[in-house]
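Survey of secondary and tertiary structure
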Amino acid sequence: MSPRRVTLAEVAEHAGVSRTTASLVLAGRARELRISQSVEQRVVEAARELAYRPNAVSVGLRTGTSRTIGFVSDTVATSRLAGDMIKGALEAAREQGLMLFIGETEGEPDLERGLLQAMHDRQVDGIIFASMFTRAVKVPAALTAGPAVLLNAVPKRASALPSVVPDEVEAGRSAARVLLDAGHRDGIHVIGAGPRIRDVPPETLAGVERLTGISEVLARAKVKIASGHVCADWQPEYGYEATRRLLEHTGPRALVCLNDRLAVGAYQALDDFGLKVPTDVSVISFDDHPVASWIRPKLTTVALPHYDLGRKAVEVLLAEIDRNREGTPPRGETYRVPMPVRMRDSVAEPASTAGNARPSGADTPFSRTTS
(Lines give C-alpha, C1' and ligand atoms only; values in the text may rest on other atoms or scores of the structure.)
Protein backbone atom coordinates (compact mmCIF):
# COMPACT_ATOMS: atom_id res chain seq x y z
CA MET A 1 0.00 0.00 0.00
CA SER A 2 1.30 3.49 -0.85
CA PRO A 3 2.40 5.68 2.07
CA ARG A 4 -0.12 8.36 3.07
CA ARG A 5 0.57 11.68 1.36
CA VAL A 6 1.19 14.65 3.67
CA THR A 7 -1.35 17.38 2.95
CA LEU A 8 -0.81 21.10 2.58
CA ALA A 9 -3.10 21.65 5.57
CA GLU A 10 -0.76 19.57 7.73
CA VAL A 11 2.22 21.62 6.59
CA ALA A 12 0.33 24.83 7.44
CA GLU A 13 -0.62 23.52 10.90
CA HIS A 14 2.95 22.41 11.61
CA ALA A 15 4.26 25.85 10.61
CA GLY A 16 1.53 27.70 12.50
CA VAL A 17 0.22 29.56 9.43
CA SER A 18 -2.89 29.49 7.28
CA ARG A 19 -3.26 27.03 4.42
CA THR A 20 -3.27 29.95 1.96
CA THR A 21 0.02 31.30 3.33
CA ALA A 22 1.63 27.85 3.13
CA SER A 23 0.41 27.46 -0.44
CA LEU A 24 1.81 30.84 -1.50
CA VAL A 25 5.18 30.17 0.12
CA LEU A 26 5.56 26.75 -1.51
CA ALA A 27 4.53 28.25 -4.85
CA GLY A 28 7.49 30.64 -4.59
CA ARG A 29 5.38 33.77 -4.14
CA ALA A 30 6.41 34.76 -0.59
CA ARG A 31 8.50 37.78 -1.60
CA GLU A 32 6.00 38.87 -4.24
CA LEU A 33 3.24 39.02 -1.60
CA ARG A 34 5.49 40.41 1.14
CA ILE A 35 5.25 37.40 3.43
CA SER A 36 7.91 37.77 6.12
CA GLN A 37 11.14 35.85 5.83
CA SER A 38 10.58 34.17 9.20
CA VAL A 39 7.16 32.86 8.13
CA GLU A 40 8.59 31.69 4.81
CA GLN A 41 11.37 29.84 6.63
CA ARG A 42 8.90 28.14 9.03
CA VAL A 43 6.81 26.86 6.09
CA VAL A 44 9.82 25.59 4.15
CA GLU A 45 11.19 23.79 7.23
CA ALA A 46 7.80 22.26 7.99
CA ALA A 47 7.50 20.95 4.42
CA ARG A 48 10.96 19.44 4.65
CA GLU A 49 10.38 17.83 8.05
CA LEU A 50 7.09 16.27 6.95
CA ALA A 51 8.50 15.21 3.53
CA TYR A 52 5.71 17.11 1.81
CA ARG A 53 5.29 16.63 -1.95
CA PRO A 54 2.85 18.81 -3.92
CA ASN A 55 -0.09 17.02 -5.55
CA ALA A 56 0.78 16.93 -9.26
CA VAL A 57 -2.89 16.79 -10.28
CA SER A 58 -3.75 19.86 -8.23
CA VAL A 59 -0.71 21.72 -9.56
CA GLY A 60 -1.71 20.79 -13.08
CA LEU A 61 -5.24 22.10 -12.59
CA ARG A 62 -3.87 25.34 -11.20
CA THR A 63 -1.14 25.92 -13.78
CA GLY A 64 -2.73 24.32 -16.85
CA THR A 65 0.24 21.97 -17.29
CA SER A 66 0.74 18.35 -16.25
CA ARG A 67 4.56 18.35 -16.58
CA THR A 68 4.22 15.13 -18.55
CA ILE A 69 4.80 14.28 -22.20
CA GLY A 70 3.82 11.21 -24.19
CA PHE A 71 6.12 9.04 -26.30
CA VAL A 72 4.19 6.84 -28.74
CA SER A 73 6.21 4.58 -31.05
CA ASP A 74 5.80 1.61 -33.36
CA THR A 75 8.51 -0.76 -32.12
CA VAL A 76 11.17 1.61 -30.77
CA ALA A 77 10.82 0.47 -27.15
CA THR A 78 11.63 -3.15 -28.02
CA SER A 79 14.36 -2.36 -30.56
CA ARG A 80 17.87 -2.58 -29.12
CA LEU A 81 19.29 0.04 -31.47
CA ALA A 82 16.43 2.53 -31.74
CA GLY A 83 15.73 2.20 -28.01
CA ASP A 84 18.44 4.80 -27.49
CA MET A 85 15.91 7.34 -28.77
CA ILE A 86 13.84 6.66 -25.67
CA LYS A 87 16.92 6.95 -23.46
CA GLY A 88 17.74 10.35 -24.96
CA ALA A 89 14.15 11.53 -24.56
CA LEU A 90 13.94 10.24 -20.98
CA GLU A 91 17.11 12.04 -19.92
CA ALA A 92 16.13 15.29 -21.64
CA ALA A 93 12.67 15.13 -20.02
CA ARG A 94 14.13 14.43 -16.57
CA GLU A 95 16.47 17.41 -16.85
CA GLN A 96 13.40 19.60 -17.40
CA GLY A 97 11.48 18.07 -14.50
CA LEU A 98 9.11 16.23 -16.84
CA MET A 99 7.73 12.70 -16.75
CA LEU A 100 7.66 10.65 -19.96
CA PHE A 101 4.76 8.26 -20.62
CA ILE A 102 5.80 5.58 -23.12
CA GLY A 103 3.50 3.48 -25.28
CA GLU A 104 4.17 1.12 -28.21
CA THR A 105 1.67 0.48 -31.01
CA GLU A 106 3.33 -2.57 -32.63
CA GLY A 107 2.13 -1.07 -35.92
CA GLU A 108 -1.55 -1.68 -35.05
CA PRO A 109 -3.82 1.25 -36.04
CA ASP A 110 -6.41 0.50 -33.33
CA LEU A 111 -3.75 0.32 -30.65
CA GLU A 112 -2.21 3.53 -31.98
CA ARG A 113 -5.54 5.37 -31.73
CA GLY A 114 -6.11 4.03 -28.23
CA LEU A 115 -2.66 5.07 -27.02
CA LEU A 116 -2.94 8.58 -28.41
CA GLN A 117 -6.37 8.99 -26.82
CA ALA A 118 -5.03 7.66 -23.51
CA MET A 119 -2.23 10.24 -23.63
CA HIS A 120 -4.74 13.03 -24.21
CA ASP A 121 -7.01 11.67 -21.46
CA ARG A 122 -4.07 12.00 -19.07
CA GLN A 123 -3.64 15.58 -20.25
CA VAL A 124 -0.02 15.27 -21.35
CA ASP A 125 1.45 18.58 -22.41
CA GLY A 126 2.58 17.17 -25.77
CA ILE A 127 3.32 13.97 -27.67
CA ILE A 128 6.39 12.58 -29.47
CA PHE A 129 5.31 10.20 -32.26
CA ALA A 130 8.29 7.99 -33.13
CA SER A 131 9.26 5.42 -35.76
CA MET A 132 11.92 2.71 -35.45
CA PHE A 133 13.30 3.49 -38.93
CA THR A 134 13.16 6.74 -40.86
CA ARG A 135 10.01 6.80 -42.99
CA ALA A 136 7.09 8.86 -44.20
CA VAL A 137 4.00 8.37 -42.02
CA LYS A 138 0.34 9.23 -42.22
CA VAL A 139 -0.19 11.69 -39.38
CA PRO A 140 -2.96 10.36 -37.08
CA ALA A 141 -5.81 12.81 -36.62
CA ALA A 142 -5.55 12.46 -32.83
CA LEU A 143 -1.97 13.72 -32.99
CA THR A 144 -3.10 17.17 -34.10
CA ALA A 145 -5.23 17.75 -30.98
CA GLY A 146 -2.27 19.35 -29.20
CA PRO A 147 1.47 20.03 -29.41
CA ALA A 148 3.29 17.12 -31.07
CA VAL A 149 6.46 16.27 -32.95
CA LEU A 150 7.34 13.45 -35.35
CA LEU A 151 10.53 11.60 -34.44
CA ASN A 152 12.50 9.66 -37.06
CA ALA A 153 9.59 10.26 -39.42
CA VAL A 154 8.22 12.85 -41.85
CA PRO A 155 4.57 13.36 -42.84
CA LYS A 156 3.36 11.74 -46.07
CA ARG A 157 1.24 14.81 -46.74
CA ALA A 158 1.76 18.46 -45.87
CA SER A 159 1.51 18.90 -42.11
CA ALA A 160 2.08 21.64 -39.56
CA LEU A 161 3.82 19.18 -37.23
CA PRO A 162 7.60 19.50 -36.89
CA SER A 163 9.84 16.50 -37.62
CA VAL A 164 13.13 15.42 -36.08
CA VAL A 165 15.12 13.12 -38.37
CA PRO A 166 18.73 12.02 -38.91
CA ASP A 167 20.56 14.02 -41.57
CA GLU A 168 20.71 11.14 -44.04
CA VAL A 169 21.66 13.27 -47.05
CA GLU A 170 24.71 14.62 -45.26
CA ALA A 171 25.47 11.08 -44.08
CA GLY A 172 25.64 9.98 -47.72
CA ARG A 173 27.96 12.87 -48.48
CA SER A 174 30.17 11.88 -45.55
CA ALA A 175 30.45 8.28 -46.75
CA ALA A 176 31.43 9.40 -50.24
CA ARG A 177 34.03 11.82 -48.86
CA VAL A 178 35.63 9.03 -46.81
CA LEU A 179 36.21 7.01 -50.00
CA LEU A 180 37.41 10.01 -51.99
CA ASP A 181 39.80 11.02 -49.19
CA ALA A 182 41.22 7.50 -49.25
CA GLY A 183 41.95 7.90 -52.98
CA HIS A 184 39.07 5.97 -54.55
CA ARG A 185 38.08 7.28 -57.98
CA ASP A 186 36.63 4.24 -59.73
CA GLY A 187 35.15 0.85 -58.98
CA ILE A 188 32.75 2.25 -56.34
CA HIS A 189 29.59 0.10 -56.11
CA VAL A 190 26.48 0.53 -53.94
CA ILE A 191 24.88 -2.44 -52.16
CA GLY A 192 21.23 -2.00 -51.16
CA ALA A 193 20.00 0.50 -53.76
CA GLY A 194 21.00 2.53 -56.81
CA PRO A 195 22.53 3.52 -59.02
CA ARG A 196 19.61 5.92 -59.71
CA ILE A 197 18.01 7.78 -56.81
CA ARG A 198 14.67 6.11 -57.47
CA ASP A 199 16.21 2.62 -57.36
CA VAL A 200 15.40 1.87 -53.72
CA PRO A 201 13.17 -0.60 -51.86
CA PRO A 202 9.60 0.68 -51.27
CA GLU A 203 9.21 3.32 -48.52
CA THR A 204 12.95 3.45 -47.87
CA LEU A 205 13.40 7.14 -47.17
CA ALA A 206 16.90 6.59 -45.81
CA GLY A 207 17.89 4.85 -49.04
CA VAL A 208 16.78 7.80 -51.16
CA GLU A 209 18.54 10.35 -48.98
CA ARG A 210 21.77 8.39 -48.48
CA LEU A 211 21.99 7.72 -52.20
CA THR A 212 21.32 11.41 -52.91
CA GLY A 213 24.25 12.48 -50.74
CA ILE A 214 26.58 9.83 -52.17
CA SER A 215 25.72 10.76 -55.77
CA GLU A 216 26.06 14.47 -55.13
CA VAL A 217 29.59 14.29 -53.73
CA LEU A 218 30.85 11.74 -56.27
CA ALA A 219 29.42 13.75 -59.16
CA ARG A 220 31.12 16.88 -57.90
CA ALA A 221 34.41 14.95 -57.93
CA LYS A 222 33.59 13.68 -61.45
CA VAL A 223 33.36 10.11 -60.15
CA LYS A 224 30.57 7.80 -61.27
CA ILE A 225 28.87 5.11 -59.23
CA ALA A 226 30.01 1.97 -61.04
CA SER A 227 26.82 0.05 -60.19
CA GLY A 228 23.98 -0.13 -57.73
CA HIS A 229 22.22 -3.24 -56.42
CA VAL A 230 18.70 -2.93 -55.01
CA CYS A 231 18.03 -5.29 -52.09
CA ALA A 232 14.44 -6.05 -51.14
CA ASP A 233 15.42 -6.07 -47.48
CA TRP A 234 18.53 -4.69 -45.84
CA GLN A 235 19.52 -7.91 -44.09
CA PRO A 236 22.84 -9.84 -44.28
CA GLU A 237 21.59 -12.51 -46.68
CA TYR A 238 20.54 -9.86 -49.23
CA GLY A 239 23.88 -8.09 -48.96
CA TYR A 240 25.61 -11.43 -49.42
CA GLU A 241 23.67 -12.35 -52.58
CA ALA A 242 24.01 -8.87 -54.13
CA THR A 243 27.76 -8.84 -53.54
CA ARG A 244 28.21 -12.36 -54.93
CA ARG A 245 26.38 -11.37 -58.12
CA LEU A 246 28.61 -8.32 -58.42
CA LEU A 247 31.79 -10.34 -57.92
CA GLU A 248 30.79 -12.84 -60.60
CA HIS A 249 30.99 -10.04 -63.18
CA THR A 250 33.48 -7.45 -62.02
CA GLY A 251 35.97 -6.51 -59.35
CA PRO A 252 35.01 -3.64 -57.05
CA ARG A 253 37.52 -1.40 -55.36
CA ALA A 254 35.00 -0.08 -52.85
CA LEU A 255 31.51 -0.98 -51.60
CA VAL A 256 29.06 1.46 -50.08
CA CYS A 257 26.59 -0.71 -48.17
CA LEU A 258 23.45 1.17 -47.19
CA ASN A 259 23.40 -0.35 -43.73
CA ASP A 260 25.63 -2.45 -41.50
CA ARG A 261 23.62 -5.65 -41.90
CA LEU A 262 24.13 -5.53 -45.67
CA ALA A 263 27.82 -4.99 -45.00
CA VAL A 264 27.98 -8.18 -42.92
CA GLY A 265 26.69 -10.13 -45.93
CA ALA A 266 29.12 -8.32 -48.22
CA TYR A 267 32.04 -9.28 -45.96
CA GLN A 268 31.07 -12.94 -46.26
CA ALA A 269 30.77 -12.79 -50.05
CA LEU A 270 34.16 -11.09 -50.36
CA ASP A 271 35.69 -13.77 -48.17
CA ASP A 272 34.14 -16.47 -50.37
CA PHE A 273 36.03 -14.96 -53.29
CA GLY A 274 39.28 -14.73 -51.39
CA LEU A 275 39.18 -10.94 -51.17
CA LYS A 276 40.33 -9.07 -48.09
CA VAL A 277 38.82 -5.95 -46.51
CA PRO A 278 40.27 -3.34 -46.90
CA THR A 279 43.39 -4.60 -48.72
CA ASP A 280 41.46 -5.62 -51.83
CA VAL A 281 38.10 -3.90 -51.33
CA SER A 282 37.18 -1.01 -49.04
CA VAL A 283 33.75 -1.13 -47.37
CA ILE A 284 31.80 1.70 -45.75
CA SER A 285 28.32 1.53 -44.34
CA PHE A 286 25.64 3.27 -42.25
CA ASP A 287 23.89 2.97 -38.84
CA ASP A 288 26.71 1.96 -36.43
CA HIS A 289 24.85 -1.15 -35.34
CA PRO A 290 26.78 -3.02 -32.59
CA VAL A 291 27.84 -5.56 -35.24
CA ALA A 292 29.97 -2.86 -36.91
CA SER A 293 32.50 -3.02 -34.08
CA TRP A 294 32.27 -6.80 -33.67
CA ILE A 295 33.19 -7.97 -37.17
CA ARG A 296 36.79 -8.00 -38.35
CA PRO A 297 38.10 -5.79 -39.67
CA LYS A 298 35.92 -3.34 -37.75
CA LEU A 299 33.51 -1.57 -40.05
CA THR A 300 33.76 2.13 -40.88
CA THR A 301 30.19 3.41 -40.73
CA VAL A 302 28.10 6.58 -40.46
CA ALA A 303 26.20 6.40 -37.17
CA LEU A 304 22.49 6.89 -36.61
CA PRO A 305 22.32 9.38 -33.69
CA HIS A 306 19.41 7.73 -31.87
CA TYR A 307 20.21 9.22 -28.46
CA ASP A 308 20.58 12.73 -29.88
CA LEU A 309 17.36 12.29 -31.86
CA GLY A 310 15.45 11.58 -28.65
CA ARG A 311 16.92 14.60 -26.89
CA LYS A 312 16.21 16.86 -29.84
CA ALA A 313 12.60 15.67 -30.01
CA VAL A 314 12.02 16.76 -26.41
CA GLU A 315 13.66 20.12 -27.10
CA VAL A 316 11.48 20.72 -30.17
CA LEU A 317 8.33 19.54 -28.37
CA LEU A 318 8.90 21.94 -25.47
CA ALA A 319 9.25 24.79 -27.98
CA GLU A 320 5.97 23.68 -29.57
CA ILE A 321 4.27 23.62 -26.15
CA ASP A 322 5.44 27.19 -25.50
CA ARG A 323 4.31 28.21 -28.97
CA ASN A 324 0.88 26.69 -28.32
CA ARG A 325 0.49 28.59 -25.04
CA GLU A 326 1.32 31.82 -26.86
CA GLY A 327 -1.28 31.04 -29.51
CA THR A 328 1.35 30.77 -32.27
CA PRO A 329 0.58 28.07 -34.86
CA PRO A 330 3.19 25.34 -35.54
CA ARG A 331 5.39 25.80 -38.61
CA GLY A 332 6.05 22.23 -39.71
CA GLU A 333 9.85 22.57 -39.68
CA THR A 334 12.20 19.63 -40.23
CA TYR A 335 15.13 19.37 -37.83
CA ARG A 336 18.05 17.26 -39.08
CA VAL A 337 20.38 15.73 -36.51
CA PRO A 338 24.01 15.15 -37.66
CA MET A 339 25.22 11.58 -38.25
CA PRO A 340 28.88 11.19 -37.21
CA VAL A 341 31.36 9.00 -39.10
CA ARG A 342 32.85 6.15 -37.06
CA MET A 343 36.27 5.66 -38.64
CA ARG A 344 37.47 2.09 -38.12
CA ASP A 345 39.44 -0.39 -40.24
CA SER A 346 37.45 -1.19 -43.39
CA VAL A 347 38.58 1.64 -45.70
CA ALA A 348 42.07 1.97 -47.20
CA GLU A 349 43.77 3.32 -50.30
CA PRO A 350 42.84 1.36 -53.44
CA ALA A 351 45.18 -1.42 -54.53
CA SER A 352 48.05 -0.03 -56.63
CA THR A 353 48.10 -2.96 -59.08
CA ALA A 354 46.70 -2.43 -62.58
CA GLY A 355 43.12 -3.54 -63.01
CA ASN A 356 40.81 -4.60 -60.24
CA ALA A 357 41.66 -6.75 -57.25
CA ARG A 358 41.53 -10.49 -57.83
CA PRO A 359 41.53 -13.45 -55.51
CA SER A 360 44.85 -15.25 -55.36
CA GLY A 361 44.94 -18.64 -57.08
CA ALA A 362 41.64 -18.19 -58.95
CA ASP A 363 41.50 -19.31 -62.60
CA THR A 364 39.25 -16.39 -63.51
CA PRO A 365 39.15 -13.13 -61.58
CA PHE A 366 35.64 -13.30 -60.15
CA SER A 367 34.12 -16.70 -60.76
CA ARG A 368 35.52 -18.75 -57.90
CA THR A 369 33.07 -20.12 -55.35
CA THR A 370 33.54 -22.23 -52.30
CA SER A 371 31.62 -25.28 -51.23
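So, here's what we can say about the structure. Note that this is a predicted model, so its numbers are computed, not measured. Along each chain, residues carry numbers from 1 onward, in the same order as the chain's sequence is written. Two thresholds apply to this predicted model, a pLDDT of at least 70 for residue-level local features and 80 or more for giving and counting side-chain atom pairs, whereas whole-chain, interface and lining totals are computed over all residues. Based on all heavy atoms of the structure, the side-chain values leave hydrogens and waters out of the count.

Let's talk about the sheet that holds strand β2 (residues 99-104)
Backbone hydrogen bonds hold the strands of a sheet together, and the pairing may be parallel or antiparallel. How we decide: Criterion used throughout: strands pair if DSSP finds at least two bridges between them. Helical segments are the DSSP runs of H or I of at least four residues, strand segments are the runs of E of at least two, and each set is numbered from the N terminus. To get an axis, fit a line to the C-alpha atoms, keeping to the stretch in contact for a helix; angles then go from 0 to 180 degrees between the N-to-C directions. Throughout, a contact is declared for two residues whenever any of their heavy atoms are within 4.5 Å.
Spatial strand order, β2-β1-β3-β4-β5-β11: six strands in an open sheet with parallel pairing. A single partner strand is all that each edge strand has here, and the edge strands are β2 and β11 (334-337). Taken pair by pair, the neighbouring strands of this sheet meet at an average axis angle of 25°, ignoring direction. Bridge count for strand β5 (residues 163-166) against β11 is four bridges, and the pairing is parallel. Within β11, the position partnered with V165 by the bridge is R336. Docked against the sheet, helix α6 (residues 109-121) engages β1 (68-73), β2 and β3 (127-137), running at close to 165° with respect to β2.

What about the sheet that holds strand β7 (residues 227-230)?
Here we have six strands laid out as an open sheet, ordered β7-β6-β8-β9-β10-β12, and mixed in their pairing. Edge positions in the open sheet fall to β7 and β12 (341-342), since each of these has one partner strand only. As judged from the three bridges shared by strand β8 (residues 254-257) and strand β9 (residues 282-287), these two strands associate in the parallel manner. Bridge pairing in β9 places L255 opposite V283. The strands touched by helix α8 (residues 205-220) within the sheet are β6 (188-192), β8 and β9, with β9 carrying the most contacts at an inclination of about 140°. Each of β6, β7 and β8 is contacted by helix α9 (residues 236-247), which is oriented at about 145° to β6, the strand it contacts most.

Observations concerning the pattern of salt bridges
Where we set the bar: Only one rule defines a salt bridge in this text: a Lys or Arg side-chain nitrogen within 4 Å of an Asp or Glu carboxyl oxygen. Exposure classes here rest on a 1.4 Å probe applied to the protein chains alone. A residue is buried below 20% of its type maximum, exposed above 50%, and partly exposed in between.
With the rule as written, the count across this model stands at 19 salt bridges. Residue R325 is joined to D322 by a salt bridge in which the shortest nitrogen-to-oxygen separation is 3.5 Å. With a gap of three residues between them, R325 and D322 both fall in helix α12 (residues 306-325), about one helical turn apart. In this structure R325 comes out as exposed when scored by relative accessible area, which is 52%. Using a relative accessible area of 39% as the deciding quantity, one classes D322 as partly exposed. Between E333 and R331 there is a salt bridge, with its nearest N and O atoms 2.9 Å apart. The class of R331 is exposed, set by a relative accessible area of 56%. Beyond isolated ion pairs, a larger network of salt bridges with shared partners links E170, R173, R177, E216 and R220.

So, the nonpolar core
Worth spelling out the cut-off: The definition of a nonpolar core used throughout is a set of buried Ala, Val, Leu, Ile, Met, Phe, Trp, Tyr and Cys residues joined through side-chain atoms within 4.5 Å.
Core analysis: the biggest nonpolar cluster contains 49 residues, and L255 and V283 have the highest contact counts within it. Among the secondary structure elements, those contributing two or more residues to this core are α7 (168-181), β6, α8, α9, β8, α10 (260-272), β9 and α11 (291-294). Those residues in contact with V283, other than ones at most four positions away along the chain, are L255, C257, A263, Y267, L270, V277, L299, T300, S346 and V347. One finds M85, L100, I128 and A313 within the second-largest nonpolar core, a separate group that totals 22 residues.

Observations concerning the pairing of β6
Burial runs high along β6: five of the five residues are buried. Note: β6 against β8, four bridges, orientation parallel. Residue I188 lies in a different strand from β8, and its bridge partner there is A254. Two elements, β6 and β7, share four bridges in a ladder whose sense is parallel.

A look at the packing of helix α5 (residues 83-95) against α12
Defined as follows: Our angle categories are set so that under 35 degrees counts as roughly parallel, over 145 as roughly antiparallel, 65 to 115 as roughly perpendicular, and the remainder as oblique. The hand of a helix crossing depends on one turn: near helix anticlockwise from the far one by less than a right angle means left-handed, and clockwise means right-handed. The residue classification treats Ala, Val, Leu, Ile, Met, Phe, Trp, Tyr, Cys and Pro as nonpolar and Asp, Glu, Lys and Arg as charged. All others, Gly included, are polar.
Their axes nearest at 6 Å, the elements α5 and α12 cross at an angle of 40°. It follows that α5 is oblique to α12 by the angle criterion. The interaxial crossing formed by α5 with α12 has right-handed handedness. Taken together, the residues of α12 that come into contact with α5 (itself represented by D84, M85, K87, G88, A89, E91, A92, A93 and E95) are H306, Y307, L309, G310, R311 and V314. When its residues are assigned to classes, the contact of α5 with α12 shows seven nonpolar, three polar and five charged.

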